[in-house]
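# Working through the structure, step by step
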Amino acid sequence: MSLPKRVVLVGPMGAGKSTIGRMLAKEIGYRFLDSDRIIEDRCGANIPWIFDVEGEDGFRQRETAMLRELAEEESTVLATGGGAVMRPENHELLKKASVVVYLRTSIEQQVERTRKDRNRPLLQNDDPEAVLRKLFAIRDPIYTELADIVMHTDRKSPRLVVRQLVNRVNPKTPRHKRQRRKEGRQYAKGTS
Ligand code: S3P
């Protein structure tokens, strides 16, 4: 099996999609794209501003348009926003020629990793943990359904997650090559 044309990372806020996506892209020689950052660059404003002025619906429209454009890009690792799976029309765009990876993360980790963040409008309220719990209940089945690979990230360093992902998205890693060589030698000796 060779590498898929695209690797698409989905999962909740605080799952580490951007950090892991950037490292994974470097590891497999792909270009890293971050849908939220490109939306901000194009719009010339940050996500809180977009939510404020255009509402969540305005942001979701921009997000779908961006996913449609990015679905044409090959040899890329794409980090999506946590809510990108909420519009059914996006599903086809996310799955196009892709391996979809769900970075599954506990609520505790999500809370910890988003605690000081001011760039996520959905969490700027008195009880961000309750919001994360509610979103998880709605979205976890959707992420799971969409995903080709479900990767648990709790208590793992980004480096370890990336190493495990490289093995899953491209089994042609040196370890597998070594294994295949060993099997080849055993075959030649008639010991397999
Ligand atoms: C959102 C997640 C954010 C961003 C926006 C909405 C969501 O992206 O797209 O604030 O609905 O979960 P991250 O998952 O990268 O934080």
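Structure shown above.
For the structure given in this document, a descriptive report is provided here. (Residues numbered from 1 in each chain as written. Predicted model: local features only at pLDDT ≥ 70, side-chain atom pairs only at ≥ 80, totals over all residues. Heavy atoms only, no water.)

Moving on, we come to the site of the ligand. Close contacts around the ligand come from 13 residues, with K17, D36, R60, R120 and R139 the closest. With respect to the ligand, the side chain of K17 contributes an N or O atom lying 2.5 Å from an oxygen atom. Interatomic distance of 2.5 Å between a side-chain N/O atom of R120 and an oxygen atom of the ligand. Examining the composition of the shell around the ligand, we find that three residues originate from one element, helix 3 (residues 47–70), more than from any other. Of the residues contributing to the shell around the ligand, the split by class is five nonpolar, three polar and five charged. (Near = heavy atom within 4 Å. Polar contact = N/O pair within 3.5 Å; in protein donor to acceptor, adjacent residues only side chain to side chain. Helix = DSSP H or I, 4+ residues; strand = E, 2+ residues; numbered from the N terminus. Nonpolar A, V, L, I, M, F, W, Y, C, P; charged D, E, K, R; others polar.)

In spatial order, the strands read 2-3-1-4-5; together these five strands make up an open sheet with parallel pairing. In this open sheet, the two edge strands, each paired with only one partner strand, are strand 2 (31–34) and strand 5 (149–152). If you compare each strand with its neighbour and ignore which way they point, the axes differ by 20° on average. In the sheet, strand 1 (residues 6–10) pairs with strand 4 (residues 98–104) via five bridges, with the strands oriented parallel. (Pairing = 2+ DSSP bridges. Axes fitted to C-alpha atoms, helices over the stretch in contact; angles between N-to-C directions.)

Let us now look at the side chain of T64. Within the secondary structure layout, T64 lies in helix 3. Overall, the relative accessible area of 3% leaves T64 in the buried class. Reaching out from T64, the side chain makes a polar contact with the side chain of N90 at a distance of 2.9 Å. In this view, T64 contacts R87, E89, N90 and L93; residues no more than four positions away in its chain are not counted. (Buried < 20%, exposed > 50% of the residue type's maximum accessible area, 1.4 Å probe, protein only. Contact = heavy atoms within 4.5 Å.)

Per the counting criterion, the structure on display carries two aromatic pairs. Consider the rings of F51 and F59, whose centres lie 5.1 Å apart with planes at 35°: the pair is tilted. Neither residue differs from the other here; F51 and F59 are each classed as buried. Ring centres 4.8 Å apart and planes at 35° place the aromatic pair Y102 and Y143 in the tilted group. Taken together, the residues Y102 in strand 4 and Y143 in helix 6 (residues 128–146) connect sequence positions 41 residues apart. Classification of Y102 by relative accessible area gives buried; the value is 0%. (Phe/Tyr/Trp six-rings, centres within 6.5 Å; stacked < 30°, edge-to-face > 60°.)

Below, the discussion takes up helix 4 (residues 88–95). N90, L93 and L94 are the residues of helix 4 that are buried. With its buried residues spanning 100° around the axis, helix 4 presents them on a single face. Of the residues in helix 4, the exposed ones pointing more than 90 degrees away from the buried face are P88 and E92. Two residues or fewer after helix 4 comes A97, characterised by a positive phi angle close to 50°. (Arc of directions from axis to C-beta.)

Burial within strand 1 is extensive, with five of its five residues counted as buried. Burial of strand 1 is two-sided: the residues R6, V8 and V10 facing one way and the residues V7 and L9 facing the other way are all buried. Of the pairings in the sheet, the one linking strand 1 to strand 3 (residues 76–79) comprises four bridges and is parallel in character. The partner of L9 across the bridge, within strand 3, is A79.

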